[in-house]
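Residue-level structure breakdown
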Amino acid sequence: MRGAVVARVVVDVMLKPEILDPQGQAIARKLPQMGFDGVVGVRQGKRFELELDGPADEAALEQANKIAETLLANPVIESYEVRVL
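Here the structure is a predicted model, which is why all the values come from computation and not from measurement.

Structural notes on helix α1 (residues 22–33)
In a regular helix each residue adds 1.5 Å, so 12 residues correspond to 16 Å; α1 covers 18 Å between its end C-alpha atoms and thus fits that length. At the exit of α1 stands glycine 35, carrying a positive phi of roughly 90 degrees.

Now the structure itself:
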């Protein structure tokens, strides 16, 4: 017996490139001290995995976009990307 159809959607949220990322900078400074050479930059972000009732169709992506822009991301300083997992 098959279960209900569930769309799994990922929302990746990142600071916009023009926004200072102190956590990313701190990590980038620490990496060479730990023996990780050659990393020229680090940006930190957030990943959300949403499980939505129904198929992973345009309606599911539209709902995930609305969730991202109203709750998961601050559009003033963050950008986001929505994709099916």
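Let's talk about helix α2 (residues 58–72)
Side chains of residues three or four places apart in an α-helix project in the same direction, reflecting 3.6 residues per turn. Listed in full, the buried residues belonging to α2 are Ala60, Ala64, Ala68 and Leu72. Viewed along the axis of α2, the buried residues span an arc of 75 degrees, placing them on a single side of the element. Of the exposed residues in α2, the ones pointing more than 90 degrees away from its buried face are Glu58, Ala59 and Thr70. On the buried face of α2, the contacting elements are β1 (6–15), β2 (45–53) and β3 (78–84).

Observations regarding the sheet that holds β3
Backbone hydrogen bonds hold the strands of a sheet together, and the pairing may be parallel or antiparallel. With antiparallel pairing, 3 strands are arranged side by side in an open sheet as β2-β1-β3. Every interior strand has two partners, whereas the edge strands, β2 and β3, have only one. Going across the sheet, the axis of each strand differs from the next one's by a mean of 20 degrees, ignoring polarity. Relative to β2, β1 runs antiparallel, the two being bridged by 9 bridges. Counterpart to alanine 7 in the pairing with β2 is leucine 52. Along the sheet, α2 makes contact with β1, β2 and β3, crossing β3 at roughly 155 degrees.

Observations concerning the pattern of salt bridges
In total, this model carries 6 salt bridges according to the counting rule given. Measuring nitrogen to oxygen at the nearest pair gives 3.2 Å for the salt bridge that ties lysine 46 to glutamate 78. Linking lysine 46 in strand β2 with glutamate 78 in strand β3, this pair joins segments that are 32 residues apart in sequence. By relative accessible area, which is 35% here, lysine 46 ends up partly exposed. For glutamate 78, a relative accessible area of 11% gives the class buried. Ionic pairing is found between glutamate 62 and lysine 66, a salt bridge with its closest N-O pair at 3.5 Å. With a gap of 4 residues between them, glutamate 62 and lysine 66 both fall in helix α2, about one helical turn apart. Given the relative accessible area of 47%, glutamate 62 is considered partly exposed.

About the cut-offs
- Residues numbered from 1 in each chain as written.
- Predicted model: local features only at pLDDT ≥ 70, side-chain atom pairs only at ≥ 80, totals over all residues.
- Heavy atoms only, no water.
- Helix = DSSP H or I, 4+ residues; strand = E, 2+ residues; numbered from the N terminus.
- Expected span 1.5 Å × (residues − 1).
- Buried < 20%, exposed > 50% of the residue type's maximum accessible area, 1.4 Å probe, protein only.
- Arc of directions from axis to C-beta.
- Contact = heavy atoms within 4.5 Å.
- Pairing = 2+ DSSP bridges.
- Axes fitted to C-alpha atoms, helices over the stretch in contact; angles between N-to-C directions.
- Salt bridge = Lys/Arg side-chain N within 4 Å of Asp/Glu carboxyl O.

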